[in-house]
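# Survey of secondary and tertiary structure
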Amino acid sequence: MPPDIRRVTCGDIEVCLGLTGTGPPLLFLGGTGWDLRAGPTPLDSILTRTFTVALFDQRGQGRTTKPSGPYSMKAYAQDALAVADHLGWAAPAIVGYSFGGMVAQEYAIRFPTRLSKLVLAATTAGGAGGSSYPLETLLHLDPMERARRSLQVSDRRFARLEEQEPTQAAQKVQKRMTAQTRFSHETHAQRGLDAQLAARAEHDCYDRLARIGVPTLVLIGEDDMQAPVDAQNRIASQIPDATKQVVRGAHNFLFEGNKGYQAIADFLQ
């Protein structure tokens, strides 16, 4: 069944929201630049077999409102709560990937009674816990070079691929560049991306992680360099009821097969 895509007013913005699946509620918070039009997404994943999955374009992204900045991590967490309220979900499972994992940390700390379980995938806590690679420093680059650098910083294996299989590496760069620029011509797209990355740069939950009181899975790609593995380990050490799991793959392990989604499903069930 194709997802139900709707535009709904949540707080001070209009959100583009997708919903599909059957079972307990799962609110999925996506990464930097995620857009419901750019599949595959969690709405196409095995999670929909056992959960009702909601995914939305976050503030400044996709077909959601792109207001003038600055944005804040608090505002992103409040947006997620507004979506849960719209759906009538009192305490859904929250899954946050990359930037969405940063939002999920803020959500779990600020709204401790409004989630049942938490999954933090390919993300960092900021501050003394360590931060993800500063993606805003790549925005000035030529689109092809930006795509190449983003692959280098997200996947430890990419340097070896460039050396051993240059044609395959070049194809990956082209595909990444196409994805990064697909909707960049749309009104206020650059403004939304700039504001999102500025909020991301200010993310720091590390000293507050001990307030998270729900069972938590920290899900780590073994070749992730964008969200350093050591920083992800520190998240797990700070949350009282946290476990961690390392899966094969890099920062984008969710798009390298079902292993990441299966680990999420197993934990939530």
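Below is a summary of the structure that appears in this document. Small disclaimer: the values here were computed from a predicted structure and weren't measured.

## Here we look at the nonpolar core
Counting 46 residues, the largest nonpolar core has Leu27, Tyr107 and Leu118 as its most contacted members. Residue contributions to this core peak at 9 residues, all from helix α1 (residues 73-87). Those residues in contact with Tyr107 that lie beyond four places of it in its chain are Ala77, Ala80, Leu81, Ala84, Ile94, Arg114 and Leu115. Within the second largest apolar cluster, 28 residues are counted, among which are Ile46, Leu47, Val119 and Tyr261.

## So, the pairing of strand β2 (residues 13-21)
With 7 of 9 residues buried, β2 lies mostly within the body of the structure. In this sheet, β2 lies alongside strand β1 (residues 4-10) in antiparallel orientation, the contact comprising 7 bridges. Bridging from a neighbouring strand, Arg6 pairs with Leu17 of β2. Hairpin remark: β1 followed by β2, antiparallel, with 2 residues in the connecting loop; positive phi at Gly11, about 65°. Bridge analysis of β2 against strand β4 (residues 52-56) gives 5 bridges, and the strand direction is antiparallel. Each bridged residue has a counterpart across the sheet, and for Gly21 the counterpart in β4 is Thr52.

## Some thoughts on the environment of Ala265
With respect to the secondary-structure elements, Ala265 resides in helix α8 (residues 259-268). Leaving out residues up to four positions away in the same chain, Ala265 has contacts with Leu47 and Phe51.

## Some words on helix α3 (residues 143-154)
Under the 1.5 Å per step criterion, the end-to-end length of α3 is 16 Å for 12 residues, consistent within 8% with the ideal 16 Å. Among the residues of α3, Arg146, Ala147, Ser150, Leu151, Gln152, Val153 and Ser154 are the ones counted as buried. Against the buried residues of α3 lie α4 (158-164), α5 (166-181) and α6 (189-201). The backbone nitrogen of Met144 lies 3.0 Å from a side-chain oxygen of the residue at the head of α3, namely Asp142.

## Section: the layout of surface pockets
Considered as a void within the structure, the largest pocket measures approximately 1,600 Å³ in volume. Among the secondary structure elements, those contributing two or more residues to the lining of the largest pocket are α3, α4, α5 and α6. Tallied by class, residues from the lining of the largest pocket come to 17 nonpolar, 21 polar and 12 charged.

## What about unusual backbone geometry?
Of the consecutive residues Gly39 and Pro40, the connecting peptide bond is found in the cis state with omega at 0°. You can see Pro40 is positioned in the loop between β3 (25-29) and β4. A cis geometry characterises the amide bond from Gly69 onward to Pro70, with omega recorded as 0°. Position of Pro70 relative to the elements: it lies in the loop between β4 and α1. A positive phi angle, near 55°, is found at Ala122, a position not held by glycine. Relative to the assigned elements, Ala122 resides in the loop between β6 (118-121) and α3.

## A closer look at the packing of aromatic side chains
Within this structure, the stated rule accounts for 8 aromatic pairs. Geometrically, the ring pair formed by Phe28 and Trp34 is stacked, given 6.0 Å between the ring centres and 10° between the ring planes. Accessibility classification places Phe28 together with Trp34 in one group, the buried group. Residues Tyr107 and Phe111 carry aromatic rings whose centres are separated by 5.5 Å and whose planes lie at 75° to one another, so their mutual orientation is edge-to-face. Accessibility expressed as a relative area gives 0% for Tyr107, which makes it buried. One aromatic cluster in this structure is built from Phe28, Trp34, Tyr97, Phe253 and Phe255. The positively charged end of Arg37 is found above the aromatic ring belonging to Phe183, 3.9 Å away from the centroid. Sitting over the ring of Tyr71, Arg59 keeps its end group 5.9 Å from the ring centre.

Definitions and limits used
Residues numbered from 1 in each chain as written. Predicted model: local features only at pLDDT ≥ 70, side-chain atom pairs only at ≥ 80, totals over all residues. Heavy atoms only, no water. Core = buried A, V, L, I, M, F, W, Y, C linked by side-chain atoms within 4.5 Å. Buried < 20%, exposed > 50% of the residue type's maximum accessible area, 1.4 Å probe, protein only. Helix = DSSP H or I, 4+ residues; strand = E, 2+ residues; numbered from the N terminus. Contact = heavy atoms within 4.5 Å. Pairing = 2+ DSSP bridges. Expected span 1.5 Å × (residues − 1). Polar contact = N/O pair within 3.5 Å; in protein donor to acceptor, adjacent residues only side chain to side chain. 1 Å grid on protein atoms, 1.4 Å probe; cavity = no way out; pocket = protein on both sides within 12 Å on 5 of 7 lines; lining within 4 Å. Points joined across faces, edges and corners; volume = space filled by probe spheres on them. Nonpolar A, V, L, I, M, F, W, Y, C, P; charged D, E, K, R; others polar. Phe/Tyr/Trp six-rings, centres within 6.5 Å; stacked < 30°, edge-to-face > 60°. Lys NZ or Arg CZ within 6 Å of the ring centre and 35° of its normal.

In short, geometric facts, not functional conclusions.
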